[in-house]
Amino acid sequence: SHPPLCLPGIKCGGVLSAPSGNFSSPNFPGPYPYETECTWLIVVAEGSSVLLSFSHFELEYHAACAYDYLQVYNGAARDRGNLLGTFCGRSPPPPFSSAWHVMAVIFRSDRHVAKRGFAAAYRKDACGGQLTGLSGEITSPRYPESYPNDAECRWSIGGAGGSSPLTLVFADFQVEGGQGCIFDYVALFDGPTTAAPRLGRYCGSTRPPRTVSSAPHLLILFKSDFNIGGRGFKAHFYSAGECQEVFTTVKGNFSSPRYPNFYPNNLRCQWSIQLPPGYRVKVFFLDMELEGRSSLTGSCDYDHLAAFDGGTENRSPLGQWCGRESPAPVTSRSNQLLLVLHTDRNTAKRGFSIAYVGVVPTNVSCTRTDFHIQIPVQALAQLERNRIYLGMPSCAAQVVGGSFKIHTRFDTCGTESQKRNNTSVIISTLYIDFSVGDQEDIHQYEVQCEPKRKEASVTLIAGPDPSRLSQAENLVDAQQREEGAMDMREIKGQDTSDIVFISICILAGLLMVVAVVGLVLL
């Protein structure tokens, strides 16, 4: 073959806006030139998608594709959140289906070793293709209009280096029905091809159940026959573990996909915290950097994280955040809390890191002289009674009926008197020790009593990361503690000045006595 051309100013790339088309590396099928960079931007009608496939592929090989490479973006180029993959060598990229009407391809060669390059084709609104994101949406052709007859679409999800199982949830489903689903149907396979075990075959108007693959691959096959159609379907997929997770432990932490690196675009991820009845969930935001607010509306219209009280998005919202906010801790009113991350088509950021702790259902009451603390045994079923104590391990709980109980006088168990808002209160610390083996995990609650009113309260003061949580706790409490400490300093100061005054008086009296005795002796 001829040596490659060395044309640093070679023209390549461009905008491809026809409904379908072909493009290839410069000089294809001859060797591509050295030191070349080309960008193709495929733009089809709004609301359409792009199916991109490669008929030939041969680039210089490197394990990390550091020399010559081809990159495919699900949207505008250079946005790290849109990158579908980087390819080199002789293995062609899989067929890619875009999540919207724009797709970009970048080809780059260095100054050594040229190969034959690649040939690619694209077309709009073709159904099926390879989907490699951590989450995404799939719809039947023309959805929500009636799908065409004689359609056959295959969506293969996974294969981008992910190792987590995949979850598929149908939001809408209306396909021609029939005994055995022999006319129109959607079939799901637990792997990349139809040779994999079949997970289900569905038709009619009943939404298929939530499906979880056993491997990081899932194939969705949609077929329609020669007549009678329907609205079709819309489904969402998630990469379990990275983009969808359920937590049932009393504390934990998680972060956005790929944190602290940039999260992908086009995400819809869910993290559900589900604790035993009686518990509430307290969430602490350790770090957050998302795309900022809209300059037009001032709202979180682009990428945002939202929290909901309960297990679904139609329950009470607890908050929505974006940009570089540092939200205050959020506490659920029930034993479940749902966090949802939405990212749009561009501008990815670092993401977030979150810790949570279950607030143990604790009933505290007091008299003028005693604390009464009660916790249902079922809430701490795995703990021995000596793991629950007030102030010091010797003040451990007793098991009475179905409860752990602590009944103690104010002058024991590490209680102390403080002034808060000019009111005298009795304070102590309730310790609940969840430690396992060498891993220390002691949760601390401040119990407080106002003896005059016989009013008691309990507040979580340390959970997943005491140093961080002490900063995140209510600043009013901190100010009140400070005011109380100042009051104590003032009292101590008064005590000291009184002692000095009395000492001076005594000394003066002694000197007078000495003087009188001296005069008598003279």
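Residues numbered from 1 in each chain as written. Predicted model: local features only at pLDDT ≥ 70, side-chain atom pairs only at ≥ 80, totals over all residues. Heavy atoms only, no water.

Going by the annotation in an unreviewed UniProt entry, the name recorded for the protein chain is CDCP2 protein, with Corythaixoides concolor given as the source organism.

**Q** What's the story with the side chain of Asp-225 in this structure? I'm lost.
**A** Mapped onto the elements of the fold, Asp-225 is located in the loop between strand E17 (217–223) and strand E18 (232–239). Of the side chains with opposite charge, Arg-201 lies nearest to the buried Asp-225, which makes no salt bridge, at 10.0 Å. Polar contacts involving the side chain of Asp-225 include one to the main-chain amide nitrogen of Asn-227, which spans 3.2 Å. With residues up to four places along the chain from it excluded, the contact list for Asp-225 reads Asn-149, Asp-150, Glu-176, Phe-183 and Asp-184. (Helix = DSSP H or I, 4+ residues; strand = E, 2+ residues; numbered from the N terminus. Buried < 20%, exposed > 50% of the residue type's maximum accessible area, 1.4 Å probe, protein only. Lys, Arg positive; Asp, Glu negative; His and termini not counted. Salt bridge = Lys/Arg side-chain N within 4 Å of Asp/Glu carboxyl O. Polar contact = N/O pair within 3.5 Å; in protein donor to acceptor, adjacent residues only side chain to side chain. Contact = heavy atoms within 4.5 Å.)

**Q** Could you clarify how one ought to interpret the pattern of salt bridges in this entry?
**A** Oppositely charged side chains can pair when the atoms bearing their charge come close. Per the counting criterion, the structure on display carries 16 salt bridges. When the shortest N-O distance is used, the salt bridge between Lys-251 and Asp-441 registers 3.3 Å. You can see Lys-251 sitting in strand E20 (residues 251–255) and its partner Asp-441 sitting in the loop between strand E34 (423–433) and strand E35 (442–450), a full 190 residues away along the chain. Residue classification places Lys-251 among the partly exposed residues on the basis of a relative accessible area of 27%. Here Arg-333 makes a salt bridge to Asp-309, at a shortest N to O gap of 3.3 Å. A residue pair is termed long-range when its members are at least 10 positions apart, and Arg-333 in the loop between strand E25 (330–331) and strand E26 (336–342) and Asp-309 in strand E23 (residues 304–309) qualify at 24 residues. In this structure, a network of salt bridges that share partners links the residues Glu-152, Arg-154 and Lys-223.

**Q** I'm lost on the pairing of strand E33 (residues 416–420) in this one. Help?
**A** Note on strand geometry: in a regular strand, side chains alternate between the two faces of the sheet. Both E33 and E34 contribute to a ladder of 5 bridges, which runs antiparallel. The partner of Arg-420 across the bridge, within E34, is Thr-423. Taking the residues between adjacent antiparallel strands as the criterion, E33 and E34 are bridged by 2 residues, where Asn-421 takes a positive phi near 55°. (Pairing = 2+ DSSP bridges.)

**Q** Help me understand the layout of surface pockets in this model?
**A** Over the atoms, a rolled probe matching the size of one water molecule traces out where space is still vacant. Taken as a whole, the second largest pocket encloses approximately 350 Å³ of empty space. Residue lining of the second largest pocket: 18 residues in total, with Val-169, Arg-210, Tyr-238, Arg-268 and Gln-270 positioned closest to the centre. Listed by contribution, the elements that provide at least two residues to the lining of the second largest pocket are strand E13 (166–174), E18, strand E19 (244–247) and strand E21 (268–274). A class-by-class count of the residues in the lining of the second largest pocket yields 6 nonpolar, 7 polar and 5 charged. Composition of the lining of the second largest pocket by domain shows at least three residues from each of domain 2 (130–235) and domain 3 (244–359). (1 Å grid on protein atoms, 1.4 Å probe; cavity = no way out; pocket = protein on both sides within 12 Å on 5 of 7 lines; lining within 4 Å. Points joined across faces, edges and corners; volume = space filled by probe spheres on them. Nonpolar A, V, L, I, M, F, W, Y, C, P; charged D, E, K, R; others polar. Domains from an automatic or database assignment.)

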